[in-house]
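# Architecture and fold: a report
So the chains spell out like this:
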Amino acid sequence: MKSRRPFLATIVLALVFVSGCSKAQNVSHASAAIPPDGAKSASGLVVKNWKDGYLPDDPYRSVDYRLEDYAKSIFLQKCMAKKGFDFPVVPFDWHDPLEPTIYSQGLSGTLTEERAQKYGYRKEPATEREKLMRQRHETIAGEPQAWREAFNECDSDVKKVPPFKGSESLVEDRGGGGSLEWRKEVKAAAAKWHKCMEPLGIPDLPSNPWESPGPTLGAKFGMSNIDDPESLNFDGSNVSPEEFKIAVFDAKCREKAKYHQILYDLYWQDSERNIAKHKGEFQARLNAIQKKNKEYKAYIEANR
């Protein structure tokens, strides 16, 4: 199941979240040594691990959307209260050791044998914060027209005051050429994976692992409704024994073909090369991101 940037989150009206994941990089054919997993990026900010999917340029991608949402929600709640309405705030504790310090993920959705054994083809169970975000989205969707008009006014106001002014320029700004799945080594790994999967007799087996398990099994397992994101999260009861069995088989085939490792290595190499080529621009962007994150924290602490 292909999921790029899935960090994460849903767009709630005009609140900005970073999600999805399309890798947009400048692709180079030049060969260079790719470090083993466990090595740090040249900046020292990211540890290489294909199972996690973090890439060297992840820290440069955007402001921490969790901080941005929390800070904006506080402003919106105060603004809406003045107009006689409520706006739900979903807190975020940046001191929580369970929260990832890198909040944008370069290559996510990797199906490993360990994850398949726990969740089948599903994503990990939704966190409490993700559940609250979904509840907020449902609550807002049911608000009357008067509430929406008040919200639109407050949302317009929030963009004019610090620290929110200018934050749009620090949300997911990548440039470059796109996917690396066309590379011959990736295609060869996909072919190996496909051959490994053929004994299962899946009628519409995809040509590469990102689209697995395919339309037929996806529908059978209840994963085809894209309007129901909760169905894609493991909830303890929504995965059948058949799904577990096929997902584990699939994961073993992927690891045997080294599909995810090969693809991840190429993205890692490409990311490092892109940072080195535009070092000054990346550093300036990182400085701006870190400054904005500090401003959000200060706003939250002063107004919550």
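Attention in this report is confined to the structure presented alongside it. (Residues numbered from 1 in each chain as written. Predicted model: local features only at pLDDT ≥ 70, side-chain atom pairs only at ≥ 80, totals over all residues. Heavy atoms only, no water.)

## Some thoughts on helix α5 (residues 184-197)
- Its 14 residues give α5 an end-to-end C-alpha distance of 20 Å, which sits within 8% of 20 Å, the value for a rise of 1.5 Å per residue.
- Regarding α5, the residues found buried are Val186, Ala189, Ala190, Trp193, Cys196 and Met197. All buried residues of α5 project into a common sector of 120° when viewed along the axis, lining one side. Residues Lys184, Lys187, Lys192 and Lys195 are exposed on α5 and point more than 90 degrees away from its buried face.
- Contact partners of the buried residues in α5: α7 (241-257) and α8 (259-277). (Helix = DSSP H or I, 4+ residues; strand = E, 2+ residues; numbered from the N terminus. Expected span 1.5 Å × (residues − 1). Buried < 20%, exposed > 50% of the residue type's maximum accessible area, 1.4 Å probe, protein only. Arc of directions from axis to C-beta. Contact = heavy atoms within 4.5 Å.)

## Here's the deal with the packing of helix α1 (residues 65-82) against helix α4 (residues 145-158)
- Orientation of α1 relative to α4, taken along the N-to-C sense of each, is 125°, at an axis distance of 9 Å. Relative to α4, the element α1 is oriented oblique. Crossing of α1 over α4 shows right-handed handedness. Listed contacts from α4 to Lys72, Phe75, Leu76, Cys79 and Met80 of α1 are Trp147, Ala150, Phe151, Cys154, Asp155, Asp157 and Val158.
- Of the residues in the contact of α1 with α4, the class split is nine nonpolar, no polar and three charged. (Axes fitted to C-alpha atoms, helices over the stretch in contact; angles between N-to-C directions. Parallel < 35°, antiparallel > 145°, perpendicular 65-115°, else oblique. Left-handed = near helix turned anticlockwise from the far one by under 90°. Nonpolar A, V, L, I, M, F, W, Y, C, P; charged D, E, K, R; others polar.)

## What to know about the pattern of salt bridges
- The final tally for this structure, using the stated rule, is 20 salt bridges.
- Residue aspartate 58 pairs with arginine 61 through a salt bridge whose shortest N-O separation is 2.7 Å.
- Note on aspartate 58: relative accessible area 1%, which makes it buried.
- The buried category is assigned to arginine 61, whose relative accessible area is 1%.
- Its salt-bridge partner being aspartate 155, residue lysine 159 comes within 3.7 Å of it at the nearest N-O pair.
- Salt bridges sharing common partners tie together Asp37, Lys48 and Asp265. (Salt bridge = Lys/Arg side-chain N within 4 Å of Asp/Glu carboxyl O.)

## Focus: unusual backbone geometry
- Omega for the peptide link from proline 162 to proline 163 comes to 0°, which places this bond in the cis form.
- Following the sequence through the fold, proline 163 ends up in the loop between α4 and α5.
- Note that the residue after serine 212, namely proline 213, is joined by a cis bond; omega there is 15°.
- For proline 213, the position within the fold is in the loop between α5 and α6 (215-220).
- With a phi angle near 60°, lysine 258 is a residue other than glycine that sits in the positive phi range.
- In this fold, lysine 258 is placed in the loop between α7 and α8.

## Some remarks on the packing of aromatic side chains
- Tallied over the full model, the rule gives 10 aromatic pairs.
- Aromatic side chains phenylalanine 87 and tryptophan 147 sit 6.3 Å apart centroid to centroid with 15° between the ring planes, which places their arrangement in the stacked category. Highlighted residues: phenylalanine 87 in the loop between α1 and α2 (113-119) and tryptophan 147 in helix α4, separated in sequence by 60 residues.
- Among the residues examined, tryptophan 147 registers a relative accessible area of 1% and is labelled buried.
- Judged by centre distance (5.5 Å) and plane angle (5°), the rings of tryptophan 147 and phenylalanine 151 are stacked. With tryptophan 147 and phenylalanine 151 both in helix α4 and four residues apart, this pair spans about one turn of that helix.
- The rings of Phe75, Phe164, Tyr296 and Tyr299 are connected pair by pair, giving a single aromatic cluster.
- Over the face of the ring belonging to tryptophan 182 we find arginine 183, whose NZ or CZ atom lies 5.9 Å from the ring centre. (Phe/Tyr/Trp six-rings, centres within 6.5 Å; stacked < 30°, edge-to-face > 60°. Lys NZ or Arg CZ within 6 Å of the ring centre and 35° of its normal.)

## Notes on the nonpolar core
- Ranked by size, the top nonpolar core spans 26 residues in total, and within it Phe75, Met80, Phe87, Phe164 and Ile300 carry the most contacts.
- Breaking this core down by element, the ones donating at least two residues are α1, α4 and α9 (279-303). (Core = buried A, V, L, I, M, F, W, Y, C linked by side-chain atoms within 4.5 Å.)

## Things to note about the environment of tyrosine 296
- Examined against the element boundaries, tyrosine 296 turns out to sit in helix α9.
- Residue classification places tyrosine 296 among the buried positions, given a relative accessible area of 0%.
- Linking tyrosine 296 and arginine 66, residues 230 residues apart in sequence, is a C-alpha distance of 9.8 Å.
- The contacts of tyrosine 296, once residues within four sequence positions are left out, are Val63, Leu67, Glu68, Ala71, Pro163, Phe164 and Ser167.

In short, geometric facts, not functional conclusions.
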